[in-house]
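# Results of the structural survey
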Amino acid sequence: EPEFKKEIPTEVLERRYAGESRFMETVSRGDVDAAVGAWEGMTRIRIEGRFTDSLYEIKTMFVILNTLLRKSIESSIVHPYYIDRISTRYACRIQEMTAEDQYQLGVDMVREYCRYVQVYSLKEYSPLVQKVINHINLNLDSTLSLKSLAAMCFISPSYLSNLFKRETGETLI
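Let us look at the structure shown here.

Calculation rules
Residues numbered from 1 in each chain as written. Predicted model: local features only at pLDDT ≥ 70, side-chain atom pairs only at ≥ 80, totals over all residues. Heavy atoms only, no water. Helix = DSSP H or I, 4+ residues; strand = E, 2+ residues; numbered from the N terminus. Expected span 1.5 Å × (residues − 1). Buried < 20%, exposed > 50% of the residue type's maximum accessible area, 1.4 Å probe, protein only. Contact = heavy atoms within 4.5 Å. Core = buried A, V, L, I, M, F, W, Y, C linked by side-chain atoms within 4.5 Å. Phe/Tyr/Trp six-rings, centres within 6.5 Å; stacked < 30°, edge-to-face > 60°. Lys NZ or Arg CZ within 6 Å of the ring centre and 35° of its normal.

With 20 residues, helix α3 (residues 55–74) should cover 28 Å at 1.5 Å per step; its first-to-last C-alpha distance of 28 Å lies within 8% of that length. Buried within α3 are the following residues: E57, I58, F62, L65, N66, L68, L69, S72 and I73. On the buried face of α3, the contacting elements are α1 (10–29), α2 (32–44), α4 (80–96) and α5 (102–120).

So this is what it looks like as structure tokens:
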């Protein structure tokens, strides 16, 4: 454990972790405005002696932010393909960032991760429908048919068709 200049008050730590949980929850809902507000609130909590404002430490904090965002959208049943795509893109941007970029990069990250939840979250669907939607989205360059999708799920085509329509409001065709 690193030694700090003074003991960190318990209420500061409690506020920090509560803010982090609130932030992750707003991202997992895809609520852009609430998530940006929660992120800005988290950045205002400073623990003296913990970090300096060196570019190395700023980048470290952004790697942590990228991880929190990644875990937040994972809980919203976003496919790992999409999570990896956005996480990798921001990891590269973090490597290239300057200290002046930090506010805009943070807002961009929070907003885009929330948009990924809005577009790619399958939380409201059953695991079977999630599997079918992911398979379709990740294999658009392949020949897809109701029969092949049903076979992939080990169910009848009519059952899959009815289930998909009931849950999504759309037909598989």
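Once that is clear, we can look at the nonpolar core. By size, the foremost hydrophobic cluster in this structure holds 28 residues, and its most contacted members are F23, V27, F62, L69, I73, M109 and V110. Where this core is concerned, the elements lending two or more residues are α1, α2, α3, α4 and α5. Leave out the neighbours within four places in its chain, and V110 touches F23, A35, V36, W39 and L69.

Turning next to the packing of aromatic side chains. The relative placement of two aromatic rings is captured by the distance of their centres and the angle of their planes. Taken as a whole, this structure holds five aromatic pairs when the rule is applied. Residues W39 and Y103 carry aromatic rings whose centres are separated by 5.9 Å and whose planes lie at 40° to one another, so their mutual orientation is tilted. Of this pair, W39 sits in helix α2 while Y103 sits in helix α5, placing them 64 residues apart in sequence. W39 sits in the buried class, given a relative accessible area of 7%. Look at Y81 and Y82: their rings are 5.3 Å apart centre to centre, the planes differ by 80°, and that puts the pair in the edge-to-face class. Taking NZ or CZ as reference, R16 lies 5.0 Å from the ring centre of Y17, over its face.

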